[in-house]
Amino acid sequence: MLNISNLQARVESKEILKGINLEVKPGEVHAIMGPNGSGKSTLASVLAGRETFEVTGGSVEFNGKDLLELAPEERAAEGIFLAFQYPIEIPGVTTINFLKTALNQIRKYHGQDPLDAAQFLKLMKEKAKTVKIDDQLLRRSLNEGFSGGEKKRNEIFQMAMLEPALAILDETDSGLDIDALRIVADGVNQLRSKDRSFIVVTHYQRLLEYIVPDYVHVLYKGRIVKSGTKELALELEEKGYDWIKAEADSVSA
Amino acid sequence: MSILTKIEGEFDSLLHYLNGKSGQAYNRLREQAFENFKKLGIPTVKNEDWKYSSLKGLEKYDYKLSVASSVSPEEVKSLPFAELEGLQLVFVNGSFSAALSSPLLNEKIKVLDFSEAEKEMPEILNEYYGKGLDIEREGLTALNMALSRQGAVIHVPANTTLEKPVIIRHIHATAEEDVKNSVHHLAVIGKNAELKIVEVFQNIGGNSSFTNIVTEIFVSEEARVDYYKIQDENNSSYHVGTTQVIQKDRSYFYAATFTVNGGFVRNNLNLVLDGEYIESHMYGLYIPNGNQHVDNHTLVDHRKPNSESNELYKGILDDRSKGVFNGKIFVRQDAQKTNAYQNCRNVILSESAGMNTKPQLEIWADDVKCSHGTTTGKLDDDAIFYMQSRGIPKPEAIKLQLAAFAEDVVSQIKWDVLRDELDILILKKLQS
């Protein structure tokens, strides 16, 4: 489904990704862990098409297409979804209006007729129930004045609505208390299926207790320096990142 | 011939036309006003209040005081807001057109030229006409007083609510020539009475129009007025308008000014809060593009205690357009317990567009709450990327965000049909 090969990216003159290799197959959950500043969020942003980052080398293939050639909205239409670490507040646009526009633009991309208001509302109610988000919240301006937990839940709700093939969760656990974390994780688990893959970017192992990954990768200084199964996350929890740093630094030195 | 020489000639022929009628109060004011205008002239950028807004371009045009209009009723009826329900008063090139207007059987409202108004309601004219205007300092207001002969004179008696809103449409018939007008409206709203009024400005044809308009509104004790001004004029138009409002105790006044299009626009909105427990609101939205120039000057003069004023102006500026916002708030020594809020926010879409903002607060009282803020920024790239990442193409994302930016001004409109028509105009403009 997703094949990242020797991906390099920078912001201004600073190299951040220095050759990432990663393959994600349908239905798999990959966790990307790593210390602060290792490039985790950059990887998530580059995959979603954020222009701040300049791709300087490598390739990304997604379901047979050259992902790097596509505009962010085309990537979304092809089935990529990024759950933001810091969801943006957009005053004056309700979540409902926003998602209706998004969904119908994606349908248009695939040559489908737009959903009418009634069809959309029906779908919305159904999905809101799945991820346990309050209808009233969706009638308000997008994320405006939402608590941290409400914003993250709204991200998961949007994911449920857009039904992506590959969902990238960028530090979805940051700023959440344990109850909010559980609700968000439940939402994600509801959406797991044999065709849908996830990349879960996180600094802590905590989230992975609830969203259990098939693979865990450690990103350090712009490279994946270690890969393993969920046990690797536990090891990191116990021992911290220093041993990985030492190992990686000795190899590159 | 310079524009001033032309204006002098015009004034002389007007006096000639009025010969024998000059005993009337408004005509006595006329000569004084013209003397003032000759002293003050058309403002230039040397005048601090006109620093960013030059009227030099007026010299390029040969404006006619055209009474005969070449517009057909069909053309007038096909313009936006033609279907707005209410008392439609249509002025073509500054002249009232009874044929295009609603029948005015309603006794509560009269639309007259001033000589008739003096016959029919002399007490209203004598008591209110020109009373709040500063013709000692404002050259173009003085010129309006000197030249104006037509306008709506609206009197809403005490304890009366006009069931229908008043819709004043100014049509500039500019298909064949450059035209100008000096309309002067007067609205007097009696104690505990209510009025909803909108002024609309539109061109038919691409030549220039020069509108120098004054609208005076007197809001008596406990009266309530909603006032809208909608400008959708062409790119060679000049518009200088002054809306002068005087409010008395416990009255309510709401103004919303929407500049959708116009070559050069200068709006002066002056509120005198001459009473206690007054509530005043001022909203504005301007969305210039191309070479359009929009200048909003507002003045709120808190003269007595315990009143509140609230102001929000927003601008979206594209291409080489320029915007000006100048917001004066005076809180006089007597005006303790005043609350006054002012906010002006702008989004600039192009490197060549520009915005000058200047809040001016002068506060002589000590127990007051005042705040002001202005911001001018670019579109939020993060918000646009967020929308794109959900499948919304960039142009759609920008449109959605701009519409949202305008929303808190547009959503204030409690007149649904007006808001819907305006929404369409605004979206159409933002798409271009």
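Calculation criteria
Residues numbered from 1 in each chain as written. Chains lettered and ligands numbered in written order. Predicted model: local features only at pLDDT ≥ 70, side-chain atom pairs only at ≥ 80, totals over all residues. Helix = DSSP H or I, 4+ residues; strand = E, 2+ residues; numbered from the N terminus. Rg over C-alpha atoms; globule rule 2.2 N^0.38 Å. Buried ≥ 20, exposed ≤ 12 C-beta atoms within 10 Å, placed from the backbone. Contact = placed C-beta atoms within 7 Å. Pairing = 2+ DSSP bridges. Axes fitted to C-alpha atoms, helices over the stretch in contact; angles between N-to-C directions. Nonpolar A, V, L, I, M, F, W, Y, C, P; charged D, E, K, R; others polar. Parallel < 35°, antiparallel > 145°, perpendicular 65-115°, else oblique. Left-handed = near helix turned anticlockwise from the far one by under 90°. pLDDT = per-residue confidence, 0-100. Expected span 1.5 Å × (residues − 1). Arc of directions from axis to C-beta.

### Thoughts on the overall build of chain A
Along its length, chain A carries 10 helices and 12 strands. The C-alpha radius of gyration of chain A comes to 18 Å, within 12% of the 18 Å expected for a compact globule of 253 residues. With the principal axes as the frame, chain A shows a C-alpha extent of 60 × 40 × 35 Å. Across the 253 residues in chain A, those meeting the buried criterion constitute 43%. Intrachain contacts of chain A at a sequence separation of at least 6 include 72% that bridge at least 24 residues.

### Side note on the overall build of chain B
A count of helical and extended segments in chain B gives nine helices and 20 strands. Here chain B has a C-alpha radius of gyration of 21 Å; the compact-globule value for 432 residues is 22 Å, and the two agree. For chain B, restricting intrachain contacts to residue pairs at least 6 apart in sequence, the fraction spanning at least 24 positions comes to 82%.

### Remarks on the sheet that holds strand S5 (residues 65–66) of chain A
All names here are of chain A. Read from one edge of the open sheet, four strands run S2-S1-S4-S5, paired in antiparallel fashion. If you trace the sheet from one side to the other, it starts and ends with strand S2 (14–24) and S5, each paired once. With two bridges connecting them, strand S4 (residues 54–62) and S5 associate as antiparallel partners. Within the sheet, the bridge partner assigned to Phe 62 lies in S5 and is Lys 65. Packing against the sheet, helix H1 (residues 40–48) makes contact with strand S1 (2–11), S2 and S4, and its axis sits at approximately 70 degrees to S2.

### Observations regarding the interface of chain B and chain A
Taken together, the contact pairs 17 residues of chain B with 19 residues of chain A. Put simply, the parts of the chain that give the side of chain B that touches chain A at least two residues each are helix H7 (381–388) and helix H8 (394–410) of chain B. For the side of chain B that touches chain A, the element with the highest residue contribution is H8 of chain B, accounting for seven residues. Classifying every residue of the side of chain B that touches chain A gives eight nonpolar, four polar and five charged.

### With respect to the packing of H7 of chain B against H8 of chain B
Residue and element names in this part refer to chain B. One can describe the packing of H7 onto H8 by two numbers: an axis separation of 9 Å at closest approach and a directional angle of 125 degrees. For the element pair H7 / H8, the angle class is oblique. Crossing angle aside, the handedness with which H7 passes H8 is right-handed. Here H7 contributes Ala 383, Ile 384, Met 387 and Gln 388 to the contact with H8, which in turn contributes Lys 394, Ala 397, Ile 398, Leu 400 and Gln 401. In terms of residue class, the contact of H7 with H8 is built from six nonpolar, two polar and one charged.

### Description of the confidence of the model for chain A
A residue-level look at chain A finds 99% of positions with pLDDT of 70 or above and a mean pLDDT of 93. Looking over chain A, one finds the lowest element-wise mean pLDDT in helix H10 (residues 242–252) of chain A, namely 84, and the highest in helix H2 (residues 72–78) of chain A, namely 97.

### Describing the packing of helix H6 (residues 148–162) of chain A against helix H7 (residues 178–191) of chain A
Residues and elements named next belong to chain A. As a packed pair, H6 and H7 sit with axes 10 Å apart at the nearest point and diverge in direction by 5 degrees. As judged from the angle between their axes, H6 and H7 are roughly parallel. Side by side, H6 and H7 meet where Gly 149, Lys 152, Arg 153, Ile 156, Met 159 and Ala 160 of the first sit next to Ala 180, Ile 183, Val 184, Gly 187, Val 188 and Leu 191 of the second. The class makeup of the residues in the contact of H6 with H7 is eight nonpolar, two polar and two charged.

### Some thoughts on helix H9 (residues 416–431) of chain B
All names here are of chain B. Helix length check: H9 (16 residues) gives 22 Å between terminal C-alpha atoms against 22 Å at 1.5 Å per residue, within 8%. Every buried residue of H9 is accounted for by Leu 418, Leu 422, Ile 426 and Leu 430. Taken around the axis of H9, the buried residues stretch over an arc of 90 degrees, which confines them to a single face. More than 90 degrees from the buried face of H9, the exposed residues found are Asp 416, Asp 420, Ile 424, Lys 428 and Gln 431. Residues of H9 that are buried in the fold lie against strand S8 (194–204), strand S10 (224–232), strand S12 (252–261) and H8.

### Some thoughts on unusual backbone geometry
Residues and elements named next belong to chain A. Positive phi, close to 55 degrees, is recorded for Lys 132, a residue that is not glycine. We classify Lys 132 as partly exposed; it has 14 C-beta atoms within 10 Å. The residue Glu 163 is not glycine, and still its phi comes out positive at about 45 degrees. One can find Glu 163 in the loop between H6 and strand S9 (166–170).

### Some words on the pairing of S10 of chain B
Residues and elements named next belong to chain B. For S10, the buried fraction is high: eight of the nine residues fall into the buried class. Note: S8 against S10, nine bridges, orientation parallel. For Gln 202, the partnering residue across the bridge sits in S10 and is Asp 232. Looking at chain direction, S10 and S12 are connected through nine bridges and run parallel. From the neighbouring strand, Lys 229 faces S12, where its bridge partner is Thr 257.

### Concerning helix H9 (residues 230–239) of chain A
Residues and elements named next belong to chain A. Among all positions in H9, only Leu 232, Ala 233 and Leu 236 are buried. Taken around the axis of H9, the buried residues stretch over an arc of 105 degrees, which confines them to a single face. For H9, exposure combined with an orientation more than 90 degrees from the buried face picks out Glu 231 and Glu 238. The inward-facing, buried residues of H9 contact strand S3 (29–33), helix H8 (206–210), strand S11 (215–220) and strand S12 (223–228). Gly 240, located one to two residues past H9, shows a positive phi value of around 75 degrees.

### A few points about the sheet that holds strand S18 (residues 339–348) of chain B
All names here are of chain B. Reading across the sheet, the 10 strands line up as S2-S1-S5-S8-S10-S12-S14-S16-S18-S20 and stay open at both edges, with mixed pairing between neighbours. With one partner strand each, in any of the chains shown, strand S2 (95–96) and strand S20 (369–377) form the two edges of the open sheet. Two elements, strand S16 (residues 308–317) and S18, share 10 bridges in a ladder whose sense is parallel. For Leu 312, the partnering residue across the bridge sits in S18 and is Asn 343. Contacting strand S14 (279–286), S16 and S18, H8 runs over the sheet at an angle of about 155 degrees to S16.

### Points about the pairing of S14 of chain B
Along a regular strand, successive side chains alternate from one face of the sheet to the other. Residue and element names in this part refer to chain B. Of all eight residues making up S14, six are buried, and the element is well covered by its neighbours. Where S12 meets S14, eight bridges bridge the pair, whose relative direction is parallel. Bridge assignment links Ala 255 to a residue of S14, and that residue is Met 282. In terms of strand pairing, S14 meets S16 through eight bridges, oriented parallel. Looking at S16, one finds that Tyr 286 is bridged to Gly 315.

### What about the environment of Asn 104 of chain A?
Residues and elements named next belong to chain A. Along the polypeptide, Asn 104 turns up in helix H3 (residues 95–109). For the pair Asn 104 and Ser 141, spaced 37 residues apart in the sequence, the C-alpha separation amounts to 19 Å. Setting aside chain neighbours within four positions, we find Asn 104 in contact with Pro 114 and Leu 115.

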